[in-house]
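Reading the structure
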Amino acid sequence: RNQQASARKTYRAAMIMQRTVRAHRAKRRVESFRRAVEAMRLDAARLRARQEWRAVMLQAALRGMFARQEALRLKAIRDAKRAEEKARAEAALRIQAQYRASLGRDEATRRRDARAYRRWLWRTARKIQSWLRGCWGRMRAAAVRKAKADEIKNKMATKIQAAWRAAKSRYLATIQASLEALRAEEKVAVV
């Protein structure tokens, strides 16, 4: 009986020990499993965080890429607008230059025509003046010639008159001398 009791005690002790060891092992397995689950949770959290971070970085990269593409598109539009404005400004400058050149040519033509007109007026005025001066000169020359002719006529008339008067007075003197000679003869004859 002792042996049986001792065997039972040993059996019980062995059972308790086995239970304790098994419990300890189970606890260790559970603890290990918990740690593994916790590690898996942490790994999953880290993985999620890493994936989230990667997603955020990918989104940021995509947003950056889209923003750069949009900036390039806007820059291309702005550059196209600037090029168009520059082309319009250059075209406007060319048009203005052509217009100003046309105005300048018109002004030069007008001035040239005005100069030609003034030259024509001067020539015409000179012709009129020379014609008028010629008329006046001819009139003065005619007046001078007439005055000289009148003077010559007067001198000739004076000479003729003087000659006439001289001839007349000689004739009269001759006649008077003849008369006086006749009278003297008559007086002599009467005496």
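So, here is what we can say about the structure in this document. (Residues numbered from 1 in each chain as written. Predicted model: local features only at pLDDT ≥ 70, side-chain atom pairs only at ≥ 80, totals over all residues. Heavy atoms only, no water.)

**Quick notes on a nonpolar patch on the surface**
Counted only if it meets this: Patch membership requires over 30% relative accessible area and the absence of a salt bridge. Like charges are linked within 9 Å, and nonpolar side chains (Val, Leu, Ile, Met, Phe, Trp, Tyr) within 5 Å. Surface accessibility follows the Shrake-Rupley procedure with a 1.4 Å probe radius. Residue values consider only the protein chains on display as shielding. In what follows, salt bridge is the name for a side-chain nitrogen of Lys or Arg lying within 4 Å of a carboxyl oxygen of Asp or Glu. Think of it this way: any DSSP run of H or I at least four residues long counts as a helix, any run of E at least two long counts as a strand, and we number them from the N terminus.
A contiguous nonpolar surface patch, about 360 Å² in accessible area, is contributed by L58, L62, M65 and F66. By the element assignment, L58 lies in helix α1 (residues 2–190).

**Overview of the pattern of salt bridges**
Note the cut-off: Using a 1.4 Å probe on the protein chains alone, a residue whose accessible area is under 20% of its type maximum counts as buried, one over 50% counts as exposed, and one in between counts as partly exposed.
A full pass over the atoms with the stated rule returns 10 salt bridges. Residue E70 is joined to R73 by a salt bridge in which the shortest nitrogen-to-oxygen separation is 2.5 Å. Remark: R73 and E70 occur in helix α1; sequence separation between them is 3 residues, near one turn of the helix. Accessibility expressed as a relative area gives 42% for R73, which makes it partly exposed.

**So, a positive patch on the surface**
Put simply, the rule is: In this tally Asp and Glu are treated as negative and Lys and Arg as positive; neither His nor the chain ends contributes. Think of each charge as sitting on NZ of Lys, CZ of Arg, CG of Asp or CD of Glu.
Where like charges cluster on the molecular surface, the positive patch consists of R112, R115, R118, R119, R123, R126 and K127. Along the chain, K127 falls in helix α1.

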